[in-house]
Amino acid sequence: MNSLNAYILFTSVIFGETIKGVGRTFGAKLKQSYKPLSNQFSPDFEALPTDKKSVAYPFLTGQKTGKIFVPNTIKFAYNGVDLTFGTDNKCTTDGFVDYFEKVTQAVVVSGKTYNIPGVRVLKNLVPISGYDNDLITISGTVESQGRSEPFENIHVPVIIAESEGSQYTLSIVNDYGSQITTENSSLPEKAEVYKDGVEVTEYTGLVFKWIKMLATSNVVMAPTTRNCTVTDDDVDNKLKLKCEAYKDGELLASDFDEITDFSDPEDILLPVTGISGTQFTDATETATVTPKVVNRVTQDTVTGFTFSYYTHDNQGDDFIIASQTAARWTGGTSVSITGQDLIRANRGLGLAVQANKSA
């Protein structure tokens, strides 16, 4: 393998087994827009049918074996406030009463179903968000080698954005936790489009563009329909996949999915220093990302790679951070992102890193 791609992930080490902890959503993505001076939200989380409502859950896998761990205890927090639940599983925390519901989400991976605890969003989040991005944090314990071991700080971001006119949103959904776990396998992705919070009933006339967002370039995939099949050949370790929906040549909405291929023998990690996790809390903070390539089984560092970088804003458009002169560049062992960069990027900044095998 000559190249690997990565995005920032959260990890914890349990009894020698590295657990990859990724915050996932089932159903509608946790991305909501609003019209100023109105109560119109898109999607309208309250109006969505139960099977379409957003469910945030942790997807925990063993990096060595690809084994999927189901939490035996779990705790959720919203912007650092612990969420408590009554006997009906509805949230009882002051300020969040009945906004959330504790549920069990069925996640299918390689034909096997895992029942993972999660939290379902029942009401629109804009009124409690302060019209700003929010964060659901998940922690708990898993059973590993006969012992109960903790995991913490699994993050699921809540994106809040202002919009005008008719509000279209798009969600990329799949039933496989956005994971490829075996060689020669594939992942079916589907785009769902919502107008003013309600899924459209007629997809005729909509054209879709599926884009692999790589550090070296963006690659448009073949399908122009709402369905896209991603194979393990499409994913060099990790892939940031973007879908755009168009009508009469006009962009209506877009969304992203992050796909991981656990069948790759090597992994690229993105350790972050300078901030806690990947969320900035102050404009004066600076985060430094220092990528490294490791053997997936032994976790030993693998040398002989150079790195390419790509930064984009919250809408997926090219974005130049203060320390660079372009959105894409090659070279350097680390990259620094400032709080001011985040403000200019409308409080959402993506970093793609590609490790390239030296000749």
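Residues numbered from 1 in each chain as written. Predicted model: local features only at pLDDT ≥ 70, side-chain atom pairs only at ≥ 80, totals over all residues. Heavy atoms only, no water.

Caption draft 1: Representation of the overall build of the chain within the structure. Within the chain, the regular secondary structure consists of two helices and 30 strands. Since a compact globule built from 359 residues should have a radius of gyration of about 21 Å, the 20 Å found for the chain is in line with a globular shape. Reported as C-alpha extents along the three principal axes, the dimensions of the chain are approximately 55 × 55 × 45 Å. By the burial criterion, 52% of the 359 residues in the chain qualify as buried. Total accessible area computed for the chain in this model is approximately 15,800 Å², and 47% of it derives from carbon and sulfur atoms. Computing the positive centroid from 31 side-chain charges and the negative centroid from 44, the chain places the two 2 Å apart. (Helix = DSSP H or I, 4+ residues; strand = E, 2+ residues; numbered from the N terminus. Rg over C-alpha atoms; globule rule 2.2 N^0.38 Å. Buried < 20%, exposed > 50% of the residue type's maximum accessible area, 1.4 Å probe, protein only. Areas by Shrake-Rupley, 256 points an atom, 1.4 Å probe, with all protein chains shown as cover. Lys, Arg positive; Asp, Glu negative; His and termini not counted. Charge placed at Lys NZ, Arg CZ, Asp CG, Glu CD.)

Caption draft 2: Spatial organisation of the side chain of Asp-341. Note on placement: Asp-341 falls in helix α2 (residues 339-344). Only 3.0 Å separates the side chain of Asp-341 from the backbone nitrogen of Ala-322, close enough to count as a polar contact. Those residues in contact with Asp-341 that sit more than four places away from it in its chain are Phe-319, Ile-321, Ala-322, Ser-336 and Leu-349. (Polar contact = N/O pair within 3.5 Å; in protein donor to acceptor, adjacent residues only side chain to side chain. Contact = heavy atoms within 4.5 Å.)

Caption draft 3: Representation of the sheet that holds strand β25 (residues 286-289) within the structure. Taking strand neighbours across the sheet as the criterion, the three strands line up as β24-β25-β29 in an open arrangement whose pairing is antiparallel. Of all strands in the sheet, those bounded by a partner on one side alone are β24 (272-273) and β29 (335-338). When β25 meets β29, the two strands line up antiparallel, connected through four bridges. Of the residues in β29, the one forming a bridge with Val-289 is Val-335. (Pairing = 2+ DSSP bridges.)

Caption draft 4: Representation of the pairing of strand β4 (residues 31-34). Across two bridges, the pairing between β4 and strand β5 (residues 41-42) is antiparallel. From the neighbouring strand, Ser-33 faces β5, where its bridge partner is Ser-42. In this structure, the hairpin formed by β4 and β5 is closed by a connection of six residues, where Leu-37 is found at a positive phi of approximately 60°.

That is the geometry; function is a separate question.
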